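Here are the chains, one letter per residue:
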Amino acid sequence: PGGDSGELIAESCNLGVAHPPGYPLFVLVTRAWLDVTAALGVGGSPAWRANLLSAGFDVGAAFLIYKCVVILCRQRDMRCHWPAFAAGAMFALSPLVWLYAVGAEVFSLNNLFVAWLLYATLKYADTKSQGWLVFGAFLCGIALCNQHTAVLYEVPLVLWILWTQRRVITAGLGVKLVLAGLVGLLPYVFLWYSDTYRRQMGSWGDCSTLKGFIRHFLRQDYGTFRLYSRDKEAAGMLERTWLYFVGFFTSEAPFGTAGLAAVGAWACFAKSFVGGPLGSVPNNREVDTSTAGRSIVFALLFYLGVFHTLSNMPLDDELLFGVHARFWQQPNVVAFILLGVGLSVALEWVAAKALGSGVADNRQARRAAARAAEAAGKKKNNNEAPASASASARSSKPRSAEDTAWKHTLLASTVCVGLVAMQTAISFRISDQSENDYMGRYAKAMIDPLPENAVFVSAYDMQWSSGRYMQDCEGLRPDVTLLNNAVLSFDWFAAQAHLYKNVTFPKGQFLAKEGTADYINKNAFSFEEFLDANVGKVPVHHAGAFVGATDVKPKGFEFDPWGVGTRVRRSTDPAPSLENAKLMDAFDAAWRKARSYLPDLPTPQRFDNSTWESTIRMDVLDKQQAYGEFLLDEALAADPIDVPRALTAAALLEECFENRLRDSASMFKNLGLAYARVIQSKNPIPTNIRLPEWDGVRGVNEGKVSMEVWQKGASLRVLDMWQKFLAMPEAREDSAFASIAGVVDHLRKASAGMKKP
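From a predicted model like this one, the values you see are computed outputs, not experimental measurements. (Residues numbered from 1 in each chain as written. Predicted model: local features only at pLDDT ≥ 70, side-chain atom pairs only at ≥ 80, totals over all residues. Heavy atoms only, no water.)

Peer 1: Which residues make up the environment of Ala524, and what values do they have?
Peer 2: You can see Ala524 is positioned in strand β4 (residues 524-525). Ala524 sits in the buried class, given a relative accessible area of 6%. (Helix = DSSP H or I, 4+ residues; strand = E, 2+ residues; numbered from the N terminus. Buried < 20%, exposed > 50% of the residue type's maximum accessible area, 1.4 Å probe, protein only.)

Now the structure itself:
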């Protein structure tokens, strides 16, 4: 699982507290599901079973979308059920929903609650039962136990209820509604319980106090009503809303079917449909719910306007854009309901044109039934209305309507099944995650090569989240202590610091930004001081960005490449070198073990830069380049040059070059240097080592290309790489720039007549 999935499942395994606002319902439901499936002998890892539960939530949301479309469409027969089926299925199979349905995140459960709120609203409009009001109030409370953005639907729907039912809601009913909402909020008690009686390493916040609980509930660590904790210029509401509609029309609903949502929205306001606007025909002047269809349109617009006004997530970063887009699933719930209504309207229009008067006669019969239902609404017993309407419809339905009904049903079923099939075909190609286990393998590559009892400090979410899951749920390397820069930096971390038995924390609070009053007054410590307190006592390893006033390497320490992380040592400690064969063997073994878990990396064709898998590709290639350059430095420092190690370094750098995410002056320089020194060396190239390959010499290791051709290609490779190096703006600041430029001029002249292999 990527994103927050690892952390959420880890807290479910531990019954701990997740990042704000804590997601207590998700944690409790997922833990219960994991226990039940384990007791029943259901196979698969905890992550796989949690992902299955997430998919089940979105199946439930799709079913409720189906039910909502049925209520909003007046014709309660198969001509309505087919568009309703298509709407629910297309929602579940849309790329964005599919992506998060197969990962254990809070979004699928949130989709379920949003769809349930809409269904409860429409069901009340349809039945006038106060039980649906009470149930809706309970849903408002419990939905907030999963994700706070549900309130952006609750506010407009509650306001609609209060306005249209202002003459119906009594003081007694009001008390029931408030109590139902409070009962729905009860899972939040779990946060207090967890931090008071079973505090966990890695859990977020301190909810054992009222102040800490309120801080966590209001997400003050990130900023209340904010998605992004940093201050950065971001797109405005109109631009974000425009991007939502572009995404929905181009990606989520194929072949222009998204336009049917606009038809559905229009139908909710049109006067030309049975009984007026879509929604229940009012049968009691004090319970006017005929605007139910309009209410969900307003709810959609309210969500888009408020969410895009408050959202401060920068959209110029592809990964952060993907994080922002996750929240478009909620408006898609309404959009697909409206799409189903619009599809029903379109099919009826097409049928009327294609099948003739039978459909028109049928429509007239339904209008007569609606008038009968409105008249029946004057009776005291409102439950008689549907029966009266049905009887009227049967008595007034002409023979031509019966003759064409099956044709209409055939048309509707064919079109709707075809749309679902197309949605499936399009989405499966880009959304199939059945082979995606990169995040779990990345966590193993990160943690398993570490020495015994190591302390591993990470900076990035995918490192912390995936590592927490693998350790807490699958028992990977329990001797390793995992820490995260962000978690360390909050003052509430002091409440759990005592749980980390083999870590020494200096006095005060860890601050990512030095120079504050607490830091000056010795009530806080820097990353450098943390390292000083621990390096030498326990093996300390690090991954990700440095933290501090300037975000540069802490003074007095060196970070040597170790697997997909770094080993921290004091600058005064011996550096790894070929003279220390045992230490170099440990470095080599760590890298081999790390890559044994990741023999292949996520490809950009399959996982673009908006996905968490792309961060694995970036991180591993960055670490591979660092390790290749480290090996090359050691190989060139030997006298004579260590040719096998230099070629191993070149092979690592060639893979980085082939899969590069960005041009790197150091990579171009070092690749050229490796080939130049190997060619100049008097030592023969070993026959038992795998040679680097590139276009023109591929197959040399299988004997398809001769060694002579490879050596000639290596000479040209030096020229090619160093020309790229010289073209990089930052290369001019390199001390070797002038000498490399001279060599390049010489090689250009010498290779003028050479032909590339």
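Peer 1: Lay out a nonpolar patch on the surface in plain terms, naming residues and giving numbers.
Peer 2: A contiguous nonpolar surface patch, about 620 Å² in accessible area, is contributed by Val183, Leu186, Val189, Trp192, Tyr193 and Tyr197. Element by element, the count of residues in the nonpolar patch is highest for helix α10 (residues 189-197), at four residues. Within the fold, Val189 resides in helix α10. For Val189, a relative accessible area of 46% corresponds to the partly exposed category. (Patch = residues over 30% accessible without salt bridge, like charges linked within 9 Å, V, L, I, M, F, W, Y side chains within 5 Å. Areas by Shrake-Rupley, 256 points an atom, 1.4 Å probe, with all protein chains shown as cover. Salt bridge = Lys/Arg side-chain N within 4 Å of Asp/Glu carboxyl O.)

Peer 1: Kindly report on the pattern of salt bridges, identifying the contributing residues and their values.
Peer 2: Note on pairing: side chains with opposite charge can pair once their charged atoms come close. With the rule as written, the count across this model stands at 27 salt bridges. Taking the shortest distance from any N to any O, the salt bridge between Arg645 and Asp642 comes out at 3.6 Å. Judged by its relative accessible area of 17%, Arg645 falls in the buried class. It is possible to trace a salt-bridge network through shared partners that takes in Glu654, Arg717, Asp720 and Lys724.

Peer 1: Just give me the short version of the nonpolar core, but keep the residues and values in it.
Peer 2: Grouped together as the largest cluster of nonpolar side chains are 210 residues, with contacts concentrated most on Leu118, Ile337, Leu338, Leu483, Leu531 and Trp710. Leave out the neighbours within four places in its chain, and Leu118 touches Cys68, Leu157, Ile296, Val333, Val334 and Ile337. (Core = buried A, V, L, I, M, F, W, Y, C linked by side-chain atoms within 4.5 Å. Contact = heavy atoms within 4.5 Å.)

Peer 1: Any details on the sheet that holds strand β5 (residues 540-543)? Residues and values, ideally.
Peer 2: The sheet built from five strands is open, its strands ordered β2-β1-β5-β7-β6 with mixed pairing. The open sheet has two edge strands, β2 (481-484) and β6 (557-562), and neither has a second partner. With direction set aside, neighbouring strand axes in the sheet form an average angle of 30°. Of the pairings in the sheet, the one linking β6 to strand β7 (residues 565-570) comprises six bridges and is antiparallel in character. Note that in β7 the partner of Phe557 across the bridge is Arg570. Of the strands in this sheet, β1 (455-458), β2 and β5 are in contact with helix α21 (residues 461-472), which crosses β2 at around 155°. Those strands touched by helix α24 (residues 527-534) are β1, β2, β5, β6 and β7, and its axis lies near 75° from that of β6. (Pairing = 2+ DSSP bridges. Axes fitted to C-alpha atoms, helices over the stretch in contact; angles between N-to-C directions.)

Peer 1: Requested: an account of the state of the cysteines, with residues and values cited.
Peer 2: Two cysteines form a disulfide when their sulfur atoms are joined by a covalent bond. Tallying each qualifying case throughout the model produces one disulfide. Shown here is the disulfide that connects Cys13 with Cys473, its sulfur atoms set 2.2 Å apart. Disulfide Cys13 to Cys473: torsion about the S-S bond roughly 115°, handedness right-handed. One end of the pair, Cys13, is in helix α1 (residues 5-14); the other, Cys473, is in the loop between α21 and β2, with 460 residues separating them in the sequence. By relative accessible area, Cys13 is classed as partly exposed at 21%. A relative accessible area of 16% places Cys473 in the buried class. Sulfur of Cys80: no disulfide; nearest cysteine sulfur belongs to Cys73 and is 3.6 Å away. With a relative accessible area of 0%, Cys80 lands in the buried category. (Disulfide = S-S within 2.5 Å.)

Peer 1: How would you summarise unusual backbone geometry if you had to cite specific residues and measurements?
Peer 2: Here Pro20 and Pro21 are connected by a cis peptide whose omega angle stands at 5°. Along the chain, Pro21 falls in the loop between α1 and α2 (24-39). The amide bond that connects Asp639 to the next residue, Pro640, takes the cis arrangement and shows omega of 5°. Along the chain, Pro640 falls in the loop between α26 (612-637) and α27 (643-658). The phi dihedral of Lys128 falls on the positive side, at around 65°, and the residue is not glycine. Along the chain, Lys128 turns up in the loop between α6 (107-127) and α7 (130-143). Taking relative accessible area as the criterion, Lys128 reaches 14% and is therefore assigned buried.

Read these as layout, nothing more, since geometry by itself doesn't imply function.
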